[in-house]
Amino acid sequence: MKVRFGGDYNPEQWPEEVWTDDYRLFDTARIDTVTVGVFDWALTQPSEDVYDFSTLDRIVERAAAEGRQVCLATGTAAHPAWLARAHPEITRVDFEGRKHRFGGRHNSCPSSPVFRRLSAEMARRRAARYAGNPAVVAWHVGNEYSGACYCDLCAAGFRDWLRKKYEGLDGLNAAWNTRFWSHTFYDWDEIEPPSALTEHWRGPDHTAFQGITLDYTRYMSDAMLTNYLDEKNAIRESSVDVPVTTNFMGMFRGLDYHKWAPHLDFASWDNYPPDDTSQARMAFTHDLMRGLKDGQPFWLMEQTPSFTACRDVNPLKRPGVMRLWSWQAVAHGADAVLFFQMRASRGASEKYHGAVIGHSGRDDTRVFREVAELGAELDTLGDAVLGARTPARVAILFDWDSWWALEISDGPSRHVKYQSVVLAYHQALWDAGVDVDAVSVTADLSRYDVVVAPALHMLKGDIAQRLEAVAARGGTVVTTFLSGRVDEHDNAFLMDVPGPLGTLMGVRVDEWDARAPEVINPVRLGELVVESRLLFELVIPQGAEVVGEYQSDFYAGTPAVTRNAYGDGEGWYVAAGLDQAGVSWVMRQVLDRHGLSGPYPDVP
Amino acid sequence: MKVRFGGDYNPEQWPEEVWTDDYRLFDTARIDTVTVGVFDWALTQPSEDVYDFSTLDRIVERAAAEGRQVCLATGTAAHPAWLARAHPEITRVDFEGRKHRFGGRHNSCPSSPVFRRLSAEMARRRAARYAGNPAVVAWHVGNEYSGACYCDLCAAGFRDWLRKKYEGLDGLNAAWNTRFWSHTFYDWDEIEPPSALTEHWRGPDHTAFQGITLDYTRYMSDAMLTNYLDEKNAIRESSVDVPVTTNFMGMFRGLDYHKWAPHLDFASWDNYPPDDTSQARMAFTHDLMRGLKDGQPFWLMEQTPSFTACRDVNPLKRPGVMRLWSWQAVAHGADAVLFFQMRASRGASEKYHGAVIGHSGRDDTRVFREVAELGAELDTLGDAVLGARTPARVAILFDWDSWWALEISDGPSRHVKYQSVVLAYHQALWDAGVDVDAVSVTADLSRYDVVVAPALHMLKGDIAQRLEAVAARGGTVVTTFLSGRVDEHDNAFLMDVPGPLGTLMGVRVDEWDARAPEVINPVRLGELVVESRLLFELVIPQGAEVVGEYQSDFYAGTPAVTRNAYGDGEGWYVAAGLDQAGVSWVMRQVLDRHGLSGPYPDVP
Amino acid sequence: MKVRFGGDYNPEQWPEEVWTDDYRLFDTARIDTVTVGVFDWALTQPSEDVYDFSTLDRIVERAAAEGRQVCLATGTAAHPAWLARAHPEITRVDFEGRKHRFGGRHNSCPSSPVFRRLSAEMARRRAARYAGNPAVVAWHVGNEYSGACYCDLCAAGFRDWLRKKYEGLDGLNAAWNTRFWSHTFYDWDEIEPPSALTEHWRGPDHTAFQGITLDYTRYMSDAMLTNYLDEKNAIRESSVDVPVTTNFMGMFRGLDYHKWAPHLDFASWDNYPPDDTSQARMAFTHDLMRGLKDGQPFWLMEQTPSFTACRDVNPLKRPGVMRLWSWQAVAHGADAVLFFQMRASRGASEKYHGAVIGHSGRDDTRVFREVAELGAELDTLGDAVLGARTPARVAILFDWDSWWALEISDGPSRHVKYQSVVLAYHQALWDAGVDVDAVSVTADLSRYDVVVAPALHMLKGDIAQRLEAVAARGGTVVTTFLSGRVDEHDNAFLMDVPGPLGTLMGVRVDEWDARAPEVINPVRLGELVVESRLLFELVIPQGAEVVGEYQSDFYAGTPAVTRNAYGDGEGWYVAAGLDQAGVSWVMRQVLDRHGLSGPYPDVP
Ligand SMILES: [Zn+2]
Ligand SMILES: [Zn+2]
Ligand SMILES: [Zn+2]
């Protein structure tokens, strides 16, 4: 066993003589694992009644013969043109209400019976055909599940989903607060998907009814999970122990990966950070992906060796960067380092996406050399790092529901972004050199000294009590503005802000001030004065000690940061959008309390 | 009698035990008036054949029993979901041509026979049921009429409206100048609503045919007025003397409030200014609303006690601001100061909109205390200010047709905004401490010394002659660039610019220069040099005296501001987009002429 | 013979007494040519079975009687309302999939059989009626062909076009690289127009499949060319020798004018530059339009005498500018100087578009005087300049396919714009005072000393060999980053970048770095250090000499500009987005080599 090395490989796009070149170059670069078949539905099922696996047979046979291991995709991430023509139900209706026709990828209506039947059948046949091949080491279902559909089939599916969730329409009407704006539903069929044609204005984040929009988002995540399970179950009919995964996209808003994760045998994800200053962000995302399966190793399923293609600007990874980022993944728990892709496509939208082998097929490019050098390093390493990791004593809570609720909310501020708040707290910990777990709100918190809950807008289940328990036994809980605001249905708690977190935090918030991004309110933190922006909650301490104070506006001198003794521990409340220096100062106090500051605590 | 105090109240969203808390808090805050039933159509008509007023009965009875006065809404501003399902005609088709389905509010097609029948029936039944209750002091029809529909029913309605307006198609073809771009209509049914699918490009302000777009805007305003009248007439069947209103939105572009006003028994409006530096803007809007009914008192129907929710950034009203703005409303003629809303909703899009009573139900918040203090002040005041007001000697003309025509025009500049021009002239008067009436172009001008007509793009009826009459008897008329350009059909006058205002102004304009917003042309005004931007008309005096001159470009040294002796008075022409200092200088000269400068003329 | 002077004239919008005024003013201004009938379809065909040319008869007769020459339009650029109602097929479906209804102009589906039949019939009847009138000196087909349609008729037409282009579906699948993303087509009817409903995301430039988008763009250009030919052929049935044209729009992306040009008897175009600093741009565009017909004279069919109307900001042409630009057109090969329009429309979207005669009908405006003065100058000139021109020794290649392919590409950078690159190289030549031809990639290059091929992304046919031939015989070829990347199907060349240009350029490019617009990499060129932006290709010389080097980033010191000896000549490769100073320096070296620097080589 060693860290896997390889990536997406599409030999079906090339004549077979090119495959020989490929394997020669794979040898050079110590490529041991290839992901094949991700987009070959049209090739392997040329019409509804005909399956043709001859090319895929040759691809898998050749890989096996060359001694590679195969991550075999089910190929269902883009349906064939003939299928869209024969069964128009398979294409989506978008948020604007437009019925799509054949094109693109990730384009199937998740509720389409035809899609569900044929995608499962494709997975079933592939499993039956290739499960016996020992080169096949993993099943890769679909690809980067994403998007949403608003068709009539999805509307019907949504109503079924709602019927199961709510006892009856009374429950739904209460949950969605439908007496507001005359929205009482008297029949399930009156419910429409929330879209530009119904509840939304300006875009997907602007809704008249948060409740329905939130539930539709959850439903879409579940509907695609059902698509994944359709295929996984079909695979399991003949392949009982080869692990099954699908490639996630890190902090992707569309799907609640915490709900998906139990159904994956291992997590895997595609790392395309916004730019080359994203090291901390990537570290957090690795932690989040590792946290999906309670710390088990994951695969880095895709990264580019050089540049992406789909962005407005696609910069080149500097020399050494690809290597560095690959090792970062391994250090955070990856036991596979894979690229998209092995050989660059000739045409279409990824023609300029970086690849291990470029259009000229050379082995003397800088990029190929760096890949080969990394391959050699990973070979030398062997199984030294597999599975190794120090347990973290600090956790950051990450919650898709809070993300959604916060960003579809009308008021207080459209400028507050969930990821930004979370990442600022992670950055503070990363700068301090502290190991972090990124976990869901249902995770076991008993192993952590410090639990950070940035912008935990929605409180579900017993999370408030479990956070109190962390403090009660001596730990520290940190939370921020816009936490503790709503229940699982996005209804406000009928109590002082921050709702059920109030006791732990020892504060009460009656009012808050949102200001334009250019407005700064300085906050004094000990000797330090930092900046705060966007949102300023006005805190009335209910036992908490004031740690930082606003320096301007009519609330100058009132608390912006507080600390509350609770049991043997503490609850910290950060009421304003502190800048990074402020967040880092707060977290440093907390870490110091637990002796958790890293080896270079003064290095930012 | 005293200034009413209270606001929107939605007890149907709450269990009845909460109502008891509400009235306790209303007592504390001296709340005497509540607006109820604004969005309860789904509650009061659960299906087409069933009306259920039991909850509304209890709400009204309780209010009366508690000694409050009730502004009773007809509840028709959002139709029920069952109705949209049973009669899809009721939902709108938007500007993009998309048929909407159930969702949102202000969502009914104004031409839908079902909507017209059922909304009138709802108003009829409410009037019949509650008219005898002496607590009911006003009828509140619909809510914030707005939006537009482009469905086939509206298209048919538009054709009927056009048939009534124009003698025949010849008249219409002449009015719309349809020989341009091959647009001659030979049959009424060839006429389509102007939308993204027909005449428009880029958006609602960009049209190939101003004539049809202008008429459709007028038609939509009239169609909604018809909706209002449907309900008002139904109310009058059983309630003969309780006054009827609907809440306007100040300078709202969608409806010509001057055409609506005669049909309201009193005006009322919702004041949600863009930010807390909007005092002058609010003053003008109050003047405009008061001017709708020839100076009669109006109601401030809604304002937030603290913050809004629907904006990107929703700042908190500073301590004292709510009080200050409330008194400003009273000073400008309001005899009601009402809030949206009494108790904050738990869920949906106004959950974070400020309210007198927040989610915690407290009476010890700053906001509640300020409301209660204002309640006490208004109680103390009694009827002292009701109806009192000094007649203004200065009028600003405000004209929806000019607003529309100016902003849907292709050329000269998309950056010139009607409101901005008007507000600059009002600001000058407000800074000078002068009382102002904001009136329509059909208002009686004989009582004013000074009439300001900023950007009066369209001249209708005898307005030019009546402005000449103002000057003839010694008054001063001020107008600006882009005035006097088009007739009521938006066809250019076939004469020198500024058309029928040319004689009064004593100028002729052959050409004009629009420049990007960053281009400034200094203008000398006496000793002062100010900036001008956006549009620079080149003035050739025809008897007028030059007051200010451009300082740069090839027209440096030519007139930017002129004054023309006319009868015993003067006509002033401001040919460029002067900055505020420039506008204020001009207006100060005019005010000085009439001894109208306020008590602190040198304080800006 | 003299340079024609006049413009678009729409007397059908006016009562006939106005025509008398018009001709009086035309006499004053020496107007000798009028374009009539451009938008009179609704007037001349009031219903499907009725044609009524009575007004057009009077217009043409009057023009002839007044001694003017007539450019007679076919009137088909906007269909009548009755036609859209009777045959809804005629209106377009837009990129968003929305079926349009009557409105606007340039609004007909090019594939509509009804449109094709009736537009040809209209042209046929006009030719039959007026061909014998000696005043008719040119036929003006349609107007500013533009826009695209995505309806089912166009989809069917697209499939026919594809069937003719590709031997079979195998050829198409290979050309579009459809094995990518499961796009293999098994039946022609599976192919959908590429739109927001199929392959596109974000807009027309963002496509999942460049191949289909590129072919659809070509198809639309061809489909409209077919519309033009329908009419031209109908005209030729009775008018055998009056030349036929349509007015182009300069660097207009929608149509491949190089493919259209052979079918025009002379080229003509409408010059509406973005602003009054566009002299170099206009010079290039004139060169491009002249190059369409191999250097033959063209008509300046439209320009405004003063201002446009359709832009956000419509500045006034300064005194003398209209004259200057008119002479520039003549100097670049125009033998007609025409205006849009002779008399300003009263209403609709061009009411504020400048005209020779304004709404007041005056002859004493500055604009009218300048027109009249130019008319007198042109009269004095007579035939002195007609057809005269020095042959250019420098050519710039302009290629619509490269334009399209570059800008619909995913990666490397959305900020690189084809026109900007081309214009920078032209600006360098213009600043140097050098005559330039702007020619297609199929033009005869044997007459040029220098051939510049900026951003020649796509290499078709034998262009690489013909560029080599230029250098082989001693000429210089200059090309840039993003050249030589793809073949005619937009598939990458399977060789080193710049593909078939590699031998001539003596370089190899393995990787490239796209950066945000604010990132600058200085480039040293001899003594000069200039800035480069957007895209930085990393060049590995294969025989070329290094001329300029990057100054920063990890590729500092590597080549940014190279020169390769080839035969008796040279190939220059500019690997980065140099600023204007850099481009000018490069071009100056090249010009110096051929002794081509203009008379004032040091004046920028
Ligand atoms: Zn669906
Ligand atoms: Zn309608
Ligand atoms: Zn079409």
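Shown above is the structure to which this text applies.
Cut-offs used in this document
- Residues numbered from 1 in each chain as written.
- Chains lettered and ligands numbered in written order.
- Predicted model: local features only at pLDDT ≥ 70, side-chain atom pairs only at ≥ 80, totals over all residues.
- Heavy atoms only, no water.
- Donors = N, O, S within 2.8 Å, 3.2 Å for Na, K, Ca; no water.
- Tetrahedral: all angles 85-135°; square planar, octahedral: opposite > 155°, others 65-115°.
- Buried < 20%, exposed > 50% of the residue type's maximum accessible area, 1.4 Å probe, protein only.
- Least-squares fit on C-alpha atoms with pLDDT ≥ 70 in both.
- Phe/Tyr/Trp six-rings, centres within 6.5 Å; stacked < 30°, edge-to-face > 60°.
- Lys NZ or Arg CZ within 6 Å of the ring centre and 35° of its normal.
- Helix = DSSP H or I, 4+ residues; strand = E, 2+ residues; numbered from the N terminus.
- Polar contact = N/O pair within 3.5 Å; in protein donor to acceptor, adjacent residues only side chain to side chain.
- Contact = heavy atoms within 4.5 Å.
- Pairing = 2+ DSSP bridges.
- Axes fitted to C-alpha atoms, helices over the stretch in contact; angles between N-to-C directions.
- Buried area = accessible area lost by both parts, 1.4 Å probe.
- Salt bridge = Lys/Arg side-chain N within 4 Å of Asp/Glu carboxyl O.
- Nonpolar A, V, L, I, M, F, W, Y, C, P; charged D, E, K, R; others polar.
- Expected span 1.5 Å × (residues − 1).

Asks: Looking at this structure, how should I read the coordination of the zinc ion (ligand 2)?
Replies: Under ideal tetrahedral coordination, the four donors around a metal are separated by 109.5 degrees; under ideal octahedral coordination, the six donors are separated by 90 or 180 degrees. Residues and elements named next belong to chain B. Around the zinc ion (ligand 2), the donor atoms from the protein are Cys-109 (SG), Cys-149 (SG), Cys-151 (SG) and Cys-154 (SG), and they sit 2.2 to 2.3 Å away. For the zinc ion (ligand 2), the four donor atoms in the first shell make angles of 100 to 120° at the metal, a pattern classed as tetrahedral. The sequence motif formed by the donor residues of the zinc ion (ligand 2) is C-x39-C-x1-C-x2-C. Residue classification places Cys-151 among the buried residues on the basis of a relative accessible area of 8%. Judged by its relative accessible area of 0%, Cys-154 falls in the buried class.

Asks: What exactly am I supposed to notice about the relation of the copies chain A and chain B here?
Replies: Two chain copies here: they are related by a rotation about an axis and a translation along the same axis. At an RMSD of 0.0 Å, chain A and chain B line up after a rotation of 120° and a shift of 0.0 Å along the axis. Taken together, these values place the two copies in the relation of a three-fold axis. Considering only C-alpha atoms, the residue of chain A closest to the rotation axis is A:Arg98, which sits at 5.2 Å.

Asks: How do you make sense of the packing of aromatic side chains when you look at a structure like this?
Replies: When we look at a pair of aromatic rings, we describe it by the centre distance and by the angle of the planes. Residue and element names in this part refer to chain A. Applying the stated criterion to the full structure yields 117 aromatic pairs over all chains. Three or more aromatic residues joined by ring pairs form one cluster here, namely Tyr-145, Tyr-228, Phe-248, Phe-252, Tyr-257, Trp-260, Phe-284, Phe-398, Trp-400, Trp-403 and Tyr-418. Just above the ring of Tyr-51 sits the side chain of Arg-125; from NZ or CZ to the centre is 3.8 Å.

Asks: Mind showing me how you'd approach the side chain of B:Glu407 here?
Replies: All names here are of chain B. Topologically, Glu-407 is positioned in helix H13 (residues 400-407). When its relative accessible area of 10% is taken as the criterion, Glu-407 is described as buried. A polar side-chain atom of Glu-407 sits 2.8 Å from the main-chain amide nitrogen of Tyr-418. Among all residues touching Glu-407, those that are not within four sequence positions of it are Asp-205, Arg-253, Arg-414, Lys-417, Tyr-418 and Gln-419.

Asks: Help me understand the coordination of the zinc ion (ligand 1) in this model?
Replies: Residue and element names in this part refer to chain A. Distances from the zinc ion (ligand 1) to its protein donors, Cys-109 (SG), Cys-149 (SG), Cys-151 (SG) and Cys-154 (SG), fall within 2.2 to 2.3 Å. Donor residues binding the zinc ion (ligand 1) come from one chain and are separated in sequence as C-x39-C-x1-C-x2-C. In this pair, Cys-109 is assigned in the loop between helix H4 (81-86) and helix H5 (113-130) and Cys-149 in the loop between strand E4 (136-140) and helix H6 (152-165), connecting sequence segments 40 residues apart.

Asks: Sorry, what's going on with the sheet that holds strand E7 (residues 268-270) of chain C here?
Replies: Strand pairing in a sheet takes place through backbone hydrogen bonds and is either antiparallel or parallel in direction. Residue and element names in this part refer to chain C. Taken in spatial order, the nine strands of this open sheet run E5-E4-E3-E2-E1-E9-E8-E7-E6, and their pairing is parallel. Edge strands, defined here as strands with exactly one partner in the open sheet, are strand E5 (244-245) and strand E6 (247-248). For E6 and E7, the ladder comprises two bridges, and the chain directions are parallel. Note that in E7 the partner of Phe-248 across the bridge is Trp-269. Contacting strand E2 (33-36) and strand E3 (69-73), helix H3 (residues 54-65) runs over the sheet at an angle of about 175° to E2.

Asks: What is the right way to look at the interface of chain C and chain B in this model?
Replies: Taken together, the contact pairs 50 residues of chain C with 58 residues of chain B. Between chain C and chain B, roughly 4,900 Å² of surface is buried when both sides are summed, and carbon and sulfur atoms account for 51% of that area. In this structure, the connection of chain C to chain B is made through 13 salt bridges. For C:Arg101, the salt bridge is made with B:Glu192, and the minimal N-O distance between the two is 3.4 Å. Looking at the side of chain C that touches chain B, the elements that each hand over two or more residues are helix H2 (41-44), helix H4 (81-86) and helix H12 (366-381) of chain C. Within the side of chain C that touches chain B, the residues separate by chemical class into 21 nonpolar, 12 polar and 17 charged.

Asks: Which parts of the structure should I look at to understand unusual backbone geometry?
Replies: In terms of backbone geometry, most residues other than glycine have negative phi values and most peptide bonds are trans. With omega at 5°, the peptide bond leading from A:Val497 into A:Pro498 counts as cis. Position of A:Pro498 relative to the elements: it lies in the loop between strand E13 (476-480) and helix H16 (502-505). A positive phi angle is found at B:Ala348, which is not glycine, with a value near 75°. Among the structural elements, B:Ala348 can be located in the loop between strand E9 (334-339) and helix H12 (366-381). The class for B:Ala348 is buried, based on a relative accessible area of 4%.

Asks: Would you explain helix H5 (residues 113-130) of chain B in this entry?
Replies: All names here are of chain B. For H5, with 18 residues, the first-to-last C-alpha span of 26 Å sits near the 26 Å given by 1.5 Å per residue. All of the buried residues along H5 are Val-114, Phe-115, Leu-118, Ser-119, Ala-120, Glu-121, Met-122, Ala-123, Arg-126, Ala-127 and Tyr-130. Elements in contact with the buried residues of H5: helix H2 (41-44), helix H3 (54-65), strand E3 (69-73), helix H4 (81-86), strand E4 (136-140) and helix H8 (210-236).

Asks: Help me understand the pairing of strand E13 (residues 476-480) of chain B, please; the structure alone is not making it clear to me.
Replies: Where a strand is regular, its side chains alternate between the two sheet faces. Residues and elements named next belong to chain B. Extensive coverage of E13 is indicated by the burial of five of its five residues. Sheet topology note: the E13/strand E19 (residues 569-574) ladder contains five bridges and is parallel. Note on E19: the bridge partner recorded for Val-478 is Trp-572.

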